[in-house]
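Okay, here's what each chain looks like letter by letter:
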Amino acid sequence: LDAAFRSTSERALAAAVIEEIENAAKLRAMSWAKLLAEPLYRQDLAQIGEIARALRGNVADLEILVFDAAGLVLNDGTRSFDLFGHDLTGDSHIVSVLREREPFLWTKGDRLYAAAPSVIGAELLGGILISGLLDPAARQRSAFVGQLDALRAAERESGILESLVAAVILVGLGLGLGRIVA
């Protein structure tokens with residue numbers, strides 16, 4: 001039982017850490033997409049470029065792609081515009097962002113990607129794709145993401161997650177109360 005509890009609590013902790021990383025990345029992408037809404041609406045490529053370069057800063061491994069509602073790159077955060085006009089709709093994640101108008105997060109290799117749509121009212125203007133290298137600790141968490149995704153899929157079907165979380169909380173509260181009483 002002790003090993004099972006430890007395993008369950010480690011999974012719960014890992015899930016909480018991963019959820020925090022996911023939320024932070026999504027929030028950053030969403031706030032940057034909102035920042036770009038006005039220049040995207042006005043199709044002000046100069047201001048889009050200024051904002052993208054400012055957001056990118058001097059971070060060597062950070063990539064930013066600002067794209068229009070058709071999924072075409074308008075700016076890549078550089079002065080050279082190497083990716084201008086590049087079609088991102090070959091990536092199912094970008095297609096999902098454009099279609100569902102919801103932020104999306106994924107990992108590929110040693111990179112973390114976050115994309116978010118840019119909208120004004122009901123009008124889709126485009127969006128932003130941010131990617132960066134995962135640090136070594138984040139890479140380990142990233143490897144665990146696949147395991148957690150599989151676990152979440154299995155738990156959705158069986159409802160085990162709610163039971164496990166409730167059990168962990170109850171046991172944790174019981175242990176904490178036991179220490180207080182002792």
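What counts and how
- Residues numbered from 1 in each chain as written.
- Predicted model: local features only at pLDDT ≥ 70, side-chain atom pairs only at ≥ 80, totals over all residues.
- Heavy atoms only, no water.
- Pairing = 2+ DSSP bridges.
- Helix = DSSP H or I, 4+ residues; strand = E, 2+ residues; numbered from the N terminus.
- Axes fitted to C-alpha atoms, helices over the stretch in contact; angles between N-to-C directions.
- Contact = heavy atoms within 4.5 Å.
- Polar contact = N/O pair within 3.5 Å; in protein donor to acceptor, adjacent residues only side chain to side chain.
- Expected span 1.5 Å × (residues − 1).
- Buried < 20%, exposed > 50% of the residue type's maximum accessible area, 1.4 Å probe, protein only.
- Arc of directions from axis to C-beta.
- Patch = residues over 30% accessible without salt bridge, like charges linked within 9 Å, V, L, I, M, F, W, Y side chains within 5 Å.
- Areas by Shrake-Rupley, 256 points an atom, 1.4 Å probe, with all protein chains shown as cover.
- Salt bridge = Lys/Arg side-chain N within 4 Å of Asp/Glu carboxyl O.

Participant: It is not clear to me how the sheet that holds strand β4 (residues 111-120) should be interpreted in this structure. Could you clarify?
Facilitator: Pairing between the strands of a sheet comes from backbone hydrogen bonds, and it takes one of two forms, parallel or antiparallel. The strand order across the open sheet formed by five strands is β2-β1-β5-β4-β3, and the pairing between neighbours is antiparallel. The sheet is open, and its two borders are formed by β2 (73-75) and β3 (104-108), each paired with just one other strand. Across the sheet, the mean angle from the axis of one strand to that of its neighbour is 30°, orientation sign disregarded. Lying over the sheet, helix α2 (residues 45-56) contacts β1 (63-68), β2 and β5 (123-133), oriented at roughly 75° with respect to β2.

Participant: Looking at this model, I keep getting lost on the side chain of Asn-75. Mind explaining?
Facilitator: Tracing the backbone through its elements, the reader meets Asn-75 in strand β2. Among the polar contacts listed, one links the side chain of Asn-75 to the backbone nitrogen of Gly-77, at a separation of 2.6 Å. Leave out the neighbours within four places in its chain, and Asn-75 touches Ile-48, Gly-49, Ala-52, Arg-53, Ile-64, Leu-65, Val-66 and Phe-81.

Participant: How do you make sense of α2 when you look at a structure like this?
Facilitator: Every α-helical turn comprises 3.6 residues, leaving residues that sit three or four positions apart pointing alike. With twelve residues, α2 extends 16 Å from end C-alpha to end C-alpha; this agrees with the ideal 16 Å at 1.5 Å per step. When α2 is considered as a whole, its buried residues turn out to be Ile-48, Gly-49, Ile-51, Ala-52 and Leu-55. Take α2 and look down its axis: the buried residues cluster within an arc of 165°, on one side only. Facing away from the buried side of α2 by over 90 degrees, the exposed positions are Ala-46 and Ala-54. Just downstream of α2 lies Gly-57, where phi reads positive at about 60°.

Participant: How do you make sense of a nonpolar patch on the surface when you look at a structure like this?
Facilitator: Residues Leu-45, Phe-81 and Phe-84 make up a contiguous nonpolar surface patch of about 280 Å² in total accessible area. Its place among the elements puts Leu-45 in helix α2.

Participant: Where do I start with the pattern of salt bridges in this structure?
Facilitator: Side-chain pairing between opposite charges can occur once the charged atoms of the two side chains come close. Following the criterion strictly, the structure yields four salt bridges and no others. For Asp-44, the salt bridge identified is with Arg-42, shortest N-O distance 3.2 Å. The class for Arg-42 is partly exposed, based on a relative accessible area of 42%. The shortest N-O distance in the salt bridge between Glu-63 and Arg-111 comes to 3.9 Å. Of the two residues, Glu-63 is situated in strand β1 and Arg-111 in strand β4; the sequence distance between them amounts to 48 residues. We classify Glu-63 as partly exposed; its relative accessible area is 44%. On the basis of relative accessible area, Arg-111 is assigned to the buried category, the value being 13%.

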